[in-house]
Amino acid sequence: MKKITLLLLLMGTTIGFAQNLFTDGTFDNPSAWTVIQQNGNNNATAVIAGGVATFDDVTQGNWGSEGHVAIYKAFTVPTTGWYEFDADVTTNGLDQHWFEVHIGTAVPVDGVEYNATKILTLHSWDCGATTNTYSGSMIATGCQGLDGKILLDAGTTYYYLVRTGGITWGTGVILDNVTMVAVVAPPVANFTEATSESNLMATFTNTSTDATSYSWDFGDGSTSTDVNPVHTYAYKGQYIVTLTATSTAGSNETTKEIFVGAVSTPISEFDFDFSSPTPLRNESLLDYVEAGGVATASGVNDDWWSQIKYIHNAGIDLSSGDRGFSIDVNGPRTSTLTIKVESGGTEHAVTADYTTPNVWQTLTFDFSSFSSTNNTKIAVFFDIQTNFDAGVDPAQNVFQIDDYAFGEFASLSTKDFKIEGLATYPNPTTDTWNISTKNQVINSIEVFNILGKRVLDLRPNGLSAEVDASNLNSGIYITKITTELGTQTKKLIKH
C-alpha cells in the first residue's frame, strides 16, 4: 500500500520527513519480489497481494517439520553511507516463531537458509507478548536491540530478505511499507592507552569516529569527559576502562583491560584499606561497591562462584615461601571464607572462618606452603559453591571487607596486637560508636582524623564505652584503643 511522504508547515518552518529510497516497499508490484523456501519442508507460504506481503503456514508442524519461507529483492544505494530500514508488521497469535530482516550481498538460494547481516527481528522468545499480537514499526519493538541501521556501499548490489518460520503462526504475519532512509553515521568508540610502571599514570588517546562527546569510566570509580584524558591510579594492577562515544545518532561503548604500575613481574604484596578505589572487581556478585573506607559485597552466595577477584596477568608471587593474606570481615552471619590463587597454574586454596556476626574480625590465610608464580588471579569466596539465592533473606548475603593485604605471612599474622573480643559498632555510624572487649579493661580511647589530629580522648576504665561522634564531620577516623595488655587500632567511619 502507498506510503505518503509528508511535508508539514509548522510555525513558518518546513519540516520534511526523510525520503524513502526503497522502491517496491509497498508491495503494489508483486513481480518485484521473489518468494523462496528456507528449508525443504515447503510448509509455509508468502503471498504478495492487495499491497501487502502475507506469510503463513500450510499445516502446523513441530520442530523439524516447521515451515520457513522468505521473500527478497535486489537493490542499490545512491551513495556510500549509513542507512536505516524499517517496516510495518502485523502479527496475531505467534508462538515459537521468528521473523527477521537480513541484508546481504550473496544471491539468496531456494531451500537454503539465508544468513547475512540481521538488522531487524521479532522473536516470540526474545520479544515477549509483542510478537504474539502486534501491529506497528519493527524498530519500535526494540527486539534484540536492533535498530535497522547498516553501512552500505554505492555500486554494490544488495539483497533485502525477510524470512519467517516456526511452530505457531496464528493468523499469519503481514508485512507492509518497507522503508530505507539515509541516516547520520553512528559513533564508534575506540581508544589506545599508554601506561607507566613508575607513577601509576595512564594516558588515553581517543580514536573514536563520528562522535561529539565522550564519557570515560577508568574502572576505579573515577570518570572524565575529556577527549584524551590522563589518569593516575591509586594502586598498580588491572583495571577495566570503558569509553562511551555519543552523537546525535546515538551512543557506542567499548571496554578494554589495562595494566598500570610494575605489572611485568609477579606481584608479591598489596595492602588495600579502601580509602582509595582499588583494582578489585566482582564476579557473579549481585553488587560490589567501595565507599566510605570499606568494600561492600552484595549477593555473596547468589551463585556458586560469587567472588571478589584481583587479576594480575604477570603472576602472583608465592615463591619466597612465606606469603599469606589478611582481611577484615564484617557480616550478618557466620561464614567460611576461601581465598584461591588460581588461573594459569595449579590452584591453591586456604580457608578461614568468620565466627562472630556483625563484628569486624581479622582473618589470616597462610599460603607459605606454596611456591608458584604463574597463577594470575586471587579470588575471595564466602561459603564457596553454596547458593543461598532461594529462600534466604538477601540481607544475609551482604558482607563488608577492609584492610585486605597480601605479603609476608609472619608479618600479617602478627601485624597488630589483638584485644580479645574487641568490637566497634555500629560502624559506619551517624552519631555514636560502641566499643567493647571481652574481658580487658579499656584504659583509653583516642580518635584521630585522617590528618592525624586527635579529635576525641576518652578514659572509660571499663569493658565498654560509648564514643559520641555527633559533632564530627563525615569521613574516616582511626581510633587507638589501649588496655592494660596493649594497644590496638581500628578504622571508624562517620556518615
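The structure displayed is predicted, hence computed values, not measured ones.

**Brief notes about the overall build of the chain**
No. 1: Counting its regular elements, the chain contains two helices and 38 strands.
No. 2: Taking 495 residues into account, the globule formula puts the C-alpha radius of gyration at 23 Å, and the chain, at 32 Å, lies well above it.
No. 3: In the chain, the share of contacts with a sequence separation of at least 24, taken over all contacts with a separation of at least 6, comes to 69%.
No. 4: Counting only carbon and sulfur atoms, one obtains 50% of the accessible surface of the chain, whose full area is about 22400 Å².
No. 5: Computing the positive centroid from 24 side-chain charges and the negative centroid from 53, the chain places the two 7 Å apart.

**Observations concerning the sheet that holds strand β25 (residues 307–311)**
No. 1: With antiparallel pairing, five strands are arranged side by side in an open sheet as β22-β25-β30-β27-β28. The strands lining the two open edges of the sheet, one partner per strand, are β22 (281–283) and β28 (348–354). The average undirected angle you get between the axes of adjacent strands in this sheet is 25°.
No. 2: With six bridges joining them, strand β27 (residues 335–342) and strand β30 (residues 377–382) adopt antiparallel strand pairing. What sits directly across from V341, in β30, is I378.

**Quick look at the nonpolar core**
No. 1: Formed by 51 residues in total, the largest nonpolar core has its most connected members in Y233, F325, F365 and Y404.
No. 2: Ignoring anything within four residues of it in the chain, the contact list for Y233 reads L200, A202, F204, F218, D220, Y239, V241, I258 and V260.
No. 3: By size, the runner-up hydrophobic cluster in this structure holds 35 residues, among which are F75, I119, Y134 and V173.

**Concerning the environment of S369**
No. 1: Structurally, S369 can be placed in the loop between β29 (361–366) and β30.
No. 2: Between the C-alpha atoms of S369 and S320, which are 49 residues apart in sequence, the distance is 9.7 Å.

**Focus: the environment of E420**
No. 1: In this fold, E420 is placed in the loop between α2 (409–413) and β32 (423–425).
No. 2: Residue classification places E420 among the partly exposed residues on the basis of a relative accessible area of 41%.
No. 3: The spatial distance from the C-alpha of E420 to the C-alpha of P30 is 87 Å, given a sequence separation of 390 residues.

**Overview of the side chain of S372**
No. 1: As for its position among the elements, S372 is in the loop between β29 and β30.
No. 2: Polar contacts involving the side chain of S372 include one to the side chain of H348, which spans 2.9 Å.
No. 3: Setting aside residues no more than four positions away along its own chain, S372 makes contact with I316, D317, L318, S319 and H348.

**Topic: the pairing of strand β37 (residues 475–483)**
No. 1: Bridging between strand β34 (residues 442–448) and β37 involves six bridges; their strand directions are antiparallel. Bridge pairing in β37 places S444 opposite T482.
No. 2: Judged from the nine bridges that link them, β37 and strand β38 (residues 486–494) form a sheet pairing that is antiparallel. Note on β38: the bridge partner recorded for T479 is K490.
No. 3: Connecting β37 to the next strand, β38, in antiparallel fashion are two residues.

**A closer look at the state of the cysteines**
No. 1: According to the stated counting rule, one finds one disulfide in the structure shown.
No. 2: The partner cysteine of C127 in its disulfide is C143, sulfur to sulfur 1.8 Å. On the S-S bond that ties C127 to C143, the torsion sits near -80°, and the link is left-handed. Of this pair, C127 sits in the loop between β9 (117–123) and β10 (133–137) while C143 sits in the loop between α1 (138–141) and β11 (149–152), placing them 16 residues apart in sequence.
No. 3: For C143, a relative accessible area of 4% puts it in the buried group.

**Side note on the packing of aromatic side chains**
No. 1: The final tally for this structure, using the stated rule, is 34 aromatic pairs.
No. 2: A centroid spacing of 5.6 Å and a plane angle of 70° characterise the contact between F75 and F85, whose relative ring orientation is edge-to-face. Remark: F85 occurs in strand β7 (residues 81–92) and F75 occurs in strand β6 (residues 67–75); sequence separation between them is ten residues.
No. 3: Overall, the relative accessible area of 8% leaves F75 in the buried class.
No. 4: Aromatic pair F204 and W216: ring centres 5.3 Å apart, planes at 45°, arrangement tilted. Taken together, the residues span a long stretch of sequence, with F204 in strand β15 (residues 201–206) and W216 in strand β16 (residues 213–217) at a distance of twelve residues.
No. 5: With relative accessibility at 1%, the residue F204 sits in the buried group.
No. 6: Connected via pairs of aromatic rings, a cluster forms that spans F270, F272, Y310, F325, F367, F370, Y404 and F406.
No. 7: Lying across the ring of F22, K73 places its NZ or CZ 5.2 Å from the centre.
No. 8: Positioned over the ring face of F191 is K256, at 4.7 Å from the centre of the ring.

**Considerations on the pairing of strand β31 (residues 398–408)**
No. 1: Counting buried residues in β31 gives eight out of eleven residues, a clear majority hidden from the surface.
No. 2: Strand direction decides the pairing type here: strand β21 (residues 270–272) and β31, joined by three bridges, are antiparallel. Bridge pairing in β31 places D271 opposite A405.
No. 3: Pairing of strand β24 (residues 294–298) with β31, which is carried by four bridges, proceeds in the antiparallel orientation. Bridge assignment links T296 to a residue of β31, and that residue is Q400.
No. 4: Of the strand pairs in this sheet, strand β26 (residues 323–330) and β31 are connected by seven bridges, and their pairing is antiparallel. Looking at β31, one finds that F325 is bridged to F406.

What counts, and where the lines are drawn
Residues numbered from 1 in each chain as written. Predicted model: local features only at pLDDT ≥ 70, side-chain atom pairs only at ≥ 80, totals over all residues. Heavy atoms only, no water. Helix = DSSP H or I, 4+ residues; strand = E, 2+ residues; numbered from the N terminus. Rg over C-alpha atoms; globule rule 2.2 N^0.38 Å. Contact = heavy atoms within 4.5 Å. Areas by Shrake-Rupley, 256 points an atom, 1.4 Å probe, with all protein chains shown as cover. Lys, Arg positive; Asp, Glu negative; His and termini not counted. Charge placed at Lys NZ, Arg CZ, Asp CG, Glu CD. Pairing = 2+ DSSP bridges. Axes fitted to C-alpha atoms, helices over the stretch in contact; angles between N-to-C directions. Core = buried A, V, L, I, M, F, W, Y, C linked by side-chain atoms within 4.5 Å. Buried < 20%, exposed > 50% of the residue type's maximum accessible area, 1.4 Å probe, protein only. Polar contact = N/O pair within 3.5 Å; in protein donor to acceptor, adjacent residues only side chain to side chain. Disulfide = S-S within 2.5 Å. Phe/Tyr/Trp six-rings, centres within 6.5 Å; stacked < 30°, edge-to-face > 60°. Lys NZ or Arg CZ within 6 Å of the ring centre and 35° of its normal.

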